[in-house]
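One letter stands for each residue in the lines below.
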Amino acid sequence: MPLVKAGVVVLDCAEPERLAAFYKELLEAEETEATANRVEIRSPDGTRLAFRRDMNATPPSWPRPENSLQAHLEFVVDDLDAAERRVVTLGGRPIEASNPTGPSESRGCTDPAGHSFTLRRTTPSAPKQG
């Protein structure tokens, strides 16, 4: 029997209820646990995220170098345009990290609290860059 039974990615934020609502809608997830300072969700594919209240939390500044990327989430999608529109509708925003050449296989976004994440096309079709 494994010692560790499951992993959960936890994002610190000032408003866990609000951030959980964003990801719950984006991932079509269900809320599985909620306390005064933490909300956890699980998507249909089993992805588990939790949001912990931290009034001193500051989002990473990525792609700027100060307080840069600490960690980020990556979501696999079939339609980048539709997924990005959904992010914006839910209160997130797209970010430009670079000027990619060739067809775009991924797009950077931030959630309403400023945490960065990537929307990635299901099957990459562009040649490896760099």
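All of these numbers come straight from a predicted model, not from anything done at the bench. (Residues numbered from 1 in each chain as written. Predicted model: local features only at pLDDT ≥ 70, side-chain atom pairs only at ≥ 80, totals over all residues. Heavy atoms only, no water.)

**Notes on the pairing of strand β7 (residues 106-110)**
The line we're drawing: Whether two strands pair depends on DSSP finding at least two bridges between them. Note on conventions: DSSP H or I runs of at least 4 residues are helices, E runs of at least 2 residues are strands, and numbering of each starts at the N terminus.
The pairing of strand β6 (residues 93-95) with β7 spans 3 bridges and is classified as antiparallel. The residue bridging Pro-94 from the neighbouring strand is Cys-109, located in β7. Bridge count for β7 against strand β8 (residues 116-121) is 5 bridges, and the pairing is antiparallel. Counted as the bridge partner of Gly-108 is Thr-118 from β8.

**Examining the pairing of strand β5 (residues 73-77)**
To keep things clear, this is the line we draw: Only protein chains enter the accessibility calculation, which uses a 1.4 Å probe. A residue is then buried if its area is under 20% of the maximum for its type, exposed if over 50%, and partly exposed in between.
Of the two faces of β5, only the one carrying Leu-73, Phe-75 and Val-77 is buried; Glu-74 and Val-76 on the other face are not. Bridge analysis of β5 against β8 gives 5 bridges, and the strand direction is parallel. Its bridge partner lying in β8, Leu-73 is registered against Phe-117.

**Considerations on the sheet that holds β5**
Counted only if it meets this: Between N-to-C directions, angles cover 0 to 180 degrees, with each direction set by a line fitted to C-alpha atoms, over the stretch in contact for helices. Note on contacts: a residue pair qualifies if any of its non-hydrogen atoms lie within 4.5 Å across the two residues.
Pairing within the open sheet is mixed, and its 4 strands lie in the order β5-β8-β7-β6. In the strand order of this sheet, the two ends are held by β5 and β6, each with one partner. Neighbouring strand axes in the sheet, compared pairwise and without regard to direction, differ in orientation by 35 degrees on average. Along the sheet, helix α1 (residues 16-27) makes contact with β5 and β8, crossing β5 at roughly 25 degrees. Contacts from helix α2 (residues 80-89) reach β5, β6, β7 and β8, with the element oriented near 155 degrees to β8.

In short, geometric facts, not functional conclusions.
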